[in-house]
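# Descriptive analysis of the structure
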Amino acid sequence: FYLTPPQVNSILKANEYSFKVPEFDGKNVSSILGFDSNQLPANAPIEDRRSAATCLQTRGMLLGVFDGHAGCACAQAVSERLFYYIAVSLLPHETLLEIENAVESGRALLPILQWHKHPNDYFSKEASKLYFNSLRTYWQELIDLNSGETTDVREALINAFKRLDNDISLEAQVGDPNSFLNYLVLRVAFSGATACVAHVDGIDLHIANTGDSRAMLGVQEEDGSWSAVNLSYDHNAQNEHEVERVKMEHPKSEEKSLVKQDRLLGLLMPFRAFGDVKFKWSIELQKRVIESGPDQLNDNEYTKFIPPNYHTPPYLTAEPEVIHHKLRPQDKFLVLATDGLWETMHRQDVARIVGEYLTGVHHQQPIAVGGYKVTLGQMHGLLTERRARISSVFEDQNAATHLIRHAVGNNEFGTVDHERLSKMLSLPEELARMYRDDITIIVVQFNSHVIGAYQNEE
Amino acid sequence: AARMFLRLLSDVQWRAAHPKWRRMTSSQRSTSTTAEPHPVSLPAQAQVVICGGGIMGTSVAYHLSKMGWKDVVLLEQGRLAAGTTRFCAGIVSTARPVSIELKMAHYSNKLYQQLEQETGVQTGYMKTGSISLAQTQDRLISLKRIASSLNVMGIPCEIISPKKVVQLHPLINIHDLVGAMYVPEDALVSSANVSLALATAASRNGVQIHERTSVSHITVQKGRVTGVETDRGRIECEYFVNCAGQWAYELGHSGEEPVHIPLHACEHFYLLTHPLKEPLSSSLPTVVDPDGRIYIRNWQGGILSGGFEKNPKPLFTEGRNQLEIQNLQEDWDHFAPLLGALLRRMPGLEALQIMQLVNCPESFTPDMRCIMGESPTARGYFVLAGMNSAGISYGGGAGKYLAEWMVNGYPSENVWPLDLKRFGTLQSSRTFLRHRVMEVMPLMCDLKVPRWDFQTGRQLRTSPLYDRLDAQGARWMEKHGFERVKYFVPPGNDLLDLDHSKTFYKPDWFDIVGSEVKCCKEAVCVIDMSSFTKFEISSTGDQALESLQYLFSNDLDVPVGHVVHTGMLNEKGGYENDCSIARLSKRSFFMISPTDQQVHCWAWLKKHLPDDSNLIMEDVTWKYTALNLIGPRAVDVLSELSYAPMTAEHFPSLFCKEMSVGYANGIRVMSITHTGEPGFVLYIPIEYALHVYNEVMNMGQKYGIRNAGYYALRSLRIEKFFAFWGQDLDAFTTPMECGREFQVKLEKGMQFLGQEALLEQKQNGVYKRFTMFILEDHDTDLDLWPWWGEPIFRNGRYVGKTTSSAYSYTLERHVCLGFVHHFDEKTGEELVVTPDFINQGEYEIDIAGQRFQAKAKLYPFSSLFTQRRRKDEVELSGYQRE
């Protein structure tokens, strides 16, 4: 069984998406040229999600990848809702008032976000009302709290993350009279998701990360080579600070049982996540909610299972770690990806592959006839060969697709091996998960000229 | 290598052989010191200053001096003929689809042929002939159309078989060809040397030429050119000619009052090779393979081959840029598809050694036609630029027409298709130009089919109803930047996509337009005609009436509320514009003209109206949305909406009244439809447009109202024998020649422009007559459709060309309109054309070489339609041009 190159391509490209930011949108010049994103499922259905949107009432753009576990419900909910929470957290008081008044009087709402979605990136229609009500409660509280201070992006990000996780938890506790929705909010709360979100506004880049997805900056050195700068820390057992933090938050008696086999309570890989109420709620609350919940929930062994050594919840938080970076002209691109990528590729390789792809280094040196004796036929042959080479390496129109091709198909020499690629992609569903994880990638390309100009202004 | 090539092409020859003009300009110095910069100071004043020493500038100087204007200074920022002209491939080709361009190329060819003899400068002129290849049947049709028009101009030309192609040019692979066109008199020249020859002749005639002199800007006072500022001082002048080639746009924008010259440069590549083992003969014909996007000529025993790629590289969008100039390098990867096409066409060249890939920017214009004429805003400011890579073919003819224009006030041919005033400021955005030329350059090689619309630079000017109409299936075309509906595709109907809809035969919208026409005839249709140019002219006293009476041939001293169809004529009685004027009050007039008249008509009025602050003229085009209600039930719809009687007694034909429609007040309703059908045009202040449209559509429902587009309008007006300005009517056509004497009031009690010429014509008769032809043996489904520009034959002899055509759904026949001349059989001299001459002939129309019998009708006619309406005779006007 063997996939032909066009078949491979159709699999790799099924979820690719590109967005080019207009150079000037009427308000400001964007430091982002555009972004490419793509995802390759290993789970069926895929548990990763991605989001991208432009903030319409404030400046900037939001991009994020979300890695779900124990189902995709939580990742789906976070991918739909988190950016609204962030956007609302960033809004000035007057805009919040304006929006609230519009809702109150039934007028049309100011649009808050402009989404950039692949047709496969869907939003749940059924839950939109419920989600909206929770969001509205949030902004109403923000209005009441009016501190009069301008909103700090770092704080806004942290508040938004925490608030959304809180709402997910609350909605599951309260339940919903509609049985479909009731089951949905429970699934969202009992599954989990990590999130790695970038907010780009001019040269201010903020990364808010919860869990083990990763943000990486591609930097071009003066000699043209590529290097990688991490803009997030993984929240898992490999991160000493994270292990330290968890231990600090619980009594010494639990020290040994807290992290087992590199997992939280021996069960969970990421040390921070949305949802996962099994690691957040008290045992009583869990039992009460499950018992009053629908039958499907009661029948599910995973949800009913209480983690061992579960004494002092919560063990898990959705609070992100925020890193602020001032973009420089040498910062050419940003890669946001779920751990599916980072498990297979080193960040240095990621930086090099994307960097070379974006700058088209492989487009070789231009040909010049100069003083050589070249015939028309020779030149034609040479050009045809060059084109064939370029098209095989650069058949991808999308940097994220290109990266996935390498992540899945790279041989030991670091070049794409078609046979390997074909094998990996033709694995039956039940085997795929053993060889690779879901991969979701967003590659954001920066406009160095604009960034340079911003720098000069400052 | 680059330097070597340049010398090969020109430098050595002209410097050594022809220092004559140079000596004349550098009076004290000997010819050996030609390298010395600026030997003579600039004159303080001159009648004419020309900027640009390429083929255009030198050709204008040559022709001006020949016509007796000798006080001319030509300025060149570098060296003569060193810009695009030097790099030009040097092909003189007459195979042009647009008739005026064909005439220019024909003249250029004749001029270059005798130039060496006239000036003593070697021009490298060689009559090689050219072969245009067809890989498809459609291409062959388009070649046959060109061949027809070349033949009637007396230019030898034949359609040949692939076998014949091999006989003419042994290297050509003919396996994929269906035919070709051979033009034996096409030629090759060294373009730089042609330029130098023209400069030499001009210089002998007294033109001063100054190299290394840059023009910084032009000064204009009170709307007239007063002088030119250069890096070497100022020259006072009456006339300035911008022949700055690809820099013409920038130069136009350098002054205080910008002159918009919409052109944009693209990189253009061609290849030069070493000679073949057995060097190619210099008389071998030039080969054009449009389907392969390439041209190939012999060059010094080897070949020169370039082309027009699908993915052009525009440059200098942000203006002159040293970086981009330096980066103009060979780009072989970019050239690869053209090289592939070359080797497919001439496989025997594989072993031929490459000399160089030349990258020479060419400038392109938004509609593929060159730009000439006078600025609408600065009198005395002339332009000749934007040659779309055919500079050498057009150079001679274009220079001649422009010189005539300057000396006589107008060229000897109708050059409206090339007139700078066909553009406005709206075509001069850099973004627009950049996008448009990226579409235009590939089109150089694409098939030119009827009803082609540009796809870039669209949705610039739109009616407020645009979205409404679009949602109802409107398909759009563009005129002067304005989106206009072609027709409405009913839900469920699928038309072919753009590329597949290209055809010379029956188009896929045939039935759709047919049903719109039927609805116009039987019920009522709405056409959005907002694009028309609308001016308001008013005055405190009688100035408006008096001035307009002088400028228009019909009598405008009519009762308030009357609409008058009238021509705006030039001194020779030709139509500068054809419009409808409503008298709104004693002292104010509302004037409606064709869409593309916005710039030209404004400039004409500005030029001719007295400079009187009590006379106010305003362009109100943007203020009104125009809805044309066509059809017998229009009267019912409108009277229900306005609660006013609209019948002929209350609202006669050619009447204008302000009234309310629905809730909206102040709607200008005119009883004209531009089609000869009954109905009204509503001029609606734009904020009411949507309301009135909705009301009309709601009320119209019970009368079977529907939307219609310009294609329906066109079919209606052509079957009623209505002429369009810009298509049928031009500055060389008088009302007498198209049966419109009734729109001229020769005795209106005062003089008007063109009156003398018309009186003379009335006395002596006309030399051409506008005639309608109904095709007899033409099968609409199977035969090629007429377009325009088809030769007309009377009793087997060529008598003229068609100017427009349409299928008449009423007659179920094709109708062509065109002019019939009477050429003396022996001398070819033009004779008077009488109605009898028209009526007594047997006619044929030549569509791509195939002749169809046609019945000729003169205006006015009576027998065509059974139900004749009296007002048909009164209303005779149409503005649309496809």
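On a predicted model such as this, the values are computed, not experimentally measured, just so you know. (Residues numbered from 1 in each chain as written. Chains lettered and ligands numbered in written order. Predicted model: local features only at pLDDT ≥ 70, side-chain atom pairs only at ≥ 80, totals over all residues. Heavy atoms only, no water.)

## Observations regarding the packing of aromatic side chains
How two aromatic rings sit relative to each other is given by the distance of their centres and the angle of their planes. All names here are of chain B. Counting across every chain of the model gives 43 aromatic pairs over all chains. Between the aromatic rings of Tyr 487 and Tyr 711, the centroid separation amounts to 5.5 Å while the plane-to-plane angle is 55 degrees, which identifies the pairing as tilted. With Tyr 487 in strand β24 (residues 482-488) and Tyr 711 in helix α20 (residues 710-719), this residue pair connects regions lying 224 residues apart in the sequence. Judged by relative accessible area, which is 5%, Tyr 487 ranks as buried. Using a relative accessible area of 6% as the deciding quantity, one classes Tyr 711 as buried. Ring centres of Phe 510 and Tyr 809 lie 5.2 Å apart, and the angle between their planes is 40 degrees; on these two criteria the pair is classed as tilted. (Phe/Tyr/Trp six-rings, centres within 6.5 Å; stacked < 30°, edge-to-face > 60°. Helix = DSSP H or I, 4+ residues; strand = E, 2+ residues; numbered from the N terminus. Buried < 20%, exposed > 50% of the residue type's maximum accessible area, 1.4 Å probe, protein only.)

## Structural notes on the pairing of strand β6 (residues 192-201) of chain A
Residue and element names in this part refer to chain A. Here β6 lies mainly inside the structure; 9 of its 10 residues are buried. Note that strand β4 (residues 61-69) and β6 share 9 bridges and pair antiparallel. Within β6, the residue paired with Met 61 across the bridge is Val 200. Here 2 bridges tie β6 to strand β12 (residues 274-275), and the two strands are oriented antiparallel to one another. Bridge pairing links Ala 193 to Phe 274 in β12. One ladder, built from 7 bridges, connects β6 with strand β7 (residues 204-210); its direction is antiparallel. If you follow Cys 196 over to β7, its bridge partner there is Asn 209. The antiparallel pairing of β6 with β7 creates a hairpin that spans 2 residues between the two strands, and Gly 202 there sits at a positive phi of about 60 degrees. (Pairing = 2+ DSSP bridges.)

## Some details on the confidence of the model for chain B
If pLDDT is low for a region, its predicted coordinates should not be looked at in detail. All names here are of chain B. Within chain B, residue pLDDT values average 89, and 92% of them lie at 70 or more. The low-confidence segment residues 1-36, where pLDDT is below 50, has 58 contacts with residues more than four positions distant or belonging to other chains. Counting interchain partners and residues more than four positions distant, the pLDDT-below-50 stretch residues 862-882 has 87 contacts. Overall fold confidence (pTM) sits at 0.72, and the ipTM for the predicted complex is 0.81. (pLDDT = per-residue confidence, 0-100. Contact = heavy atoms within 4.5 Å.)

## Re the packing of helix α3 (residues 55-66) of chain B against helix α5 (residues 99-119) of chain B
Residues and elements named next belong to chain B. The N-to-C vectors of α3 and α5 enclose an angle of 75 degrees; their axes lie 14 Å apart at closest approach. If you check the angle between α3 and α5, you find them roughly perpendicular. Touching Ile 55, Tyr 62, His 63 and Lys 66 of α3 are Tyr 107, Leu 111, Tyr 112, Gln 114, Leu 115 and Glu 118, all from α5. Here the contact of α3 with α5 is composed, by residue class, of 6 nonpolar, 2 polar and 2 charged. (Axes fitted to C-alpha atoms, helices over the stretch in contact; angles between N-to-C directions. Parallel < 35°, antiparallel > 145°, perpendicular 65-115°, else oblique. Nonpolar A, V, L, I, M, F, W, Y, C, P; charged D, E, K, R; others polar.)

## Topic: the environment of Arg 224 of chain B
Residues and elements named next belong to chain B. As for its placement among the helices and strands, Arg 224 is situated in strand β11 (residues 224-230). Linking Arg 224 and Gly 302, residues 78 residues apart in sequence, is a C-alpha distance of 51 Å. Apart from residues lying up to four places away in sequence, Arg 224 is in contact with Thr 219, Glu 238, Tyr 239, Arg 379 and Gly 380.

## Notes on the sheet that holds strand β34 (residues 679-685) of chain B
The 6 strands lie next to each other as β32-β33-β34-β31-β25-β35 (chain B), forming an open sheet whose pairing is mixed. Single-partner strands in this sheet number two, and they are β32 (656-661) and β35 (706-707) of chain B.

## Describing the side chain of Ser 393 of chain B
Residues and elements named next belong to chain B. Mapped onto the elements of the fold, Ser 393 is located in helix α12 (residues 391-408). Within polar-contact distance, the side chain of Ser 393 engages the backbone nitrogen of Ser 93 at 3.0 Å. Here Arg 96 takes part through its side chain, which lies 3.3 Å from a polar atom of the side chain of Ser 393. Apart from residues lying up to four places away in sequence, Ser 393 is in contact with Ile 91, Val 92, Ser 93, Arg 96, Met 104, Ala 105 and Ser 108. (Polar contact = N/O pair within 3.5 Å; in protein donor to acceptor, adjacent residues only side chain to side chain.)

## Thoughts on the UniProt feature "domain: Rhodanese" (unreviewed entry) in chain B
As recorded in UniProt, the feature "domain: Rhodanese" (unreviewed entry) lies at residues 48-91 of chain B. Helix and strand shares over residues 48-91 of chain B are 36% and 20% respectively, and the end C-alpha atoms of the span are 30 Å apart. (UniProt positions renumbered as here; feature names shortened; annotations may be inferred.)

## Here's the deal with unusual backbone geometry
At the junction of Ala 44 of chain A and Pro 45 of chain A, the peptide bond is cis and its omega measures out at 0 degrees in the coordinates. Its location among the elements puts Pro 45 of chain A in the loop between β2 (32-40) and β3 (48-55). Backbone geometry at Arg 212 of chain B places phi at a positive 50 degrees, although glycine is not the residue there. Counting through the fold element by element, Arg 212 of chain B comes out in the loop between β9 (208-210) and β10 (215-221). Non-glycine residue His 674 of chain B carries a positive phi angle of around 65 degrees. Mapped onto the fold, His 674 of chain B is located in the loop between β33 (664-670) and β34. Note on His 674 of chain B: relative accessible area 0%, which makes it buried.

## With respect to the domain arrangement of chain B
On domain assignment, one finds that chain B holds domain 1 (47-421) and domain 2 (466-488 + 513-532 + 621-726). Each of domain 1 of chain B and domain 2 of chain B has a C-alpha centre, and the two are 45 Å apart. (Domains from an automatic or database assignment.)

## Some details on the interface of chain B and chain A
Note: interface size is frequently given as the accessible area lost on complex formation between the parts. Of the residues lining the interface, 17 residues belong to chain B; the matching set on chain A comes to 14 residues. Taking both partners together, chain B and chain A bury about 1400 Å²; carbon and sulfur atoms supply 66% of that area. Contact with chain A buries area across many residues of chain B, yet Trp 332, Asp 333 and Ile 354 of chain B alone supply 37% of it, more than any other trio. Inspection of the chain B/chain A interface yields 0 salt bridges. At the boundary of chain B with chain A, the tally comes to 5 residue pairs in polar contact (both at pLDDT 80 or more). Among the secondary structure elements, those contributing two or more residues to the side of chain B that touches chain A are β14 (269-273) and α11 (332-345) of chain B. At 8 residues, α11 of chain B tops the list of elements feeding residues into the side of chain B that touches chain A. A per-class count over the side of chain B that touches chain A returns 11 nonpolar, 3 polar and 3 charged. (Buried area = accessible area lost by both parts, 1.4 Å probe. Salt bridge = Lys/Arg side-chain N within 4 Å of Asp/Glu carboxyl O.)

## Observations concerning the sheet that holds strand β13 (residues 264-266) of chain B
Residues and elements named next belong to chain B. Spatial strand order, β18-β13-β20: 3 strands in an open sheet with antiparallel pairing. With one partner strand each, in any of the chains shown, β18 (314-315) and β20 (362-364) form the two edges of the open sheet. Looking at chain direction, β13 and β18 are connected through 2 bridges and run antiparallel. Bridge pairing links Cys 266 to Pro 314 in β18. The strands touched by helix α13 (residues 430-443) are β13, β18 and β20; relative to β13, the strand with the most contacts, the crossing angle is about 45 degrees.

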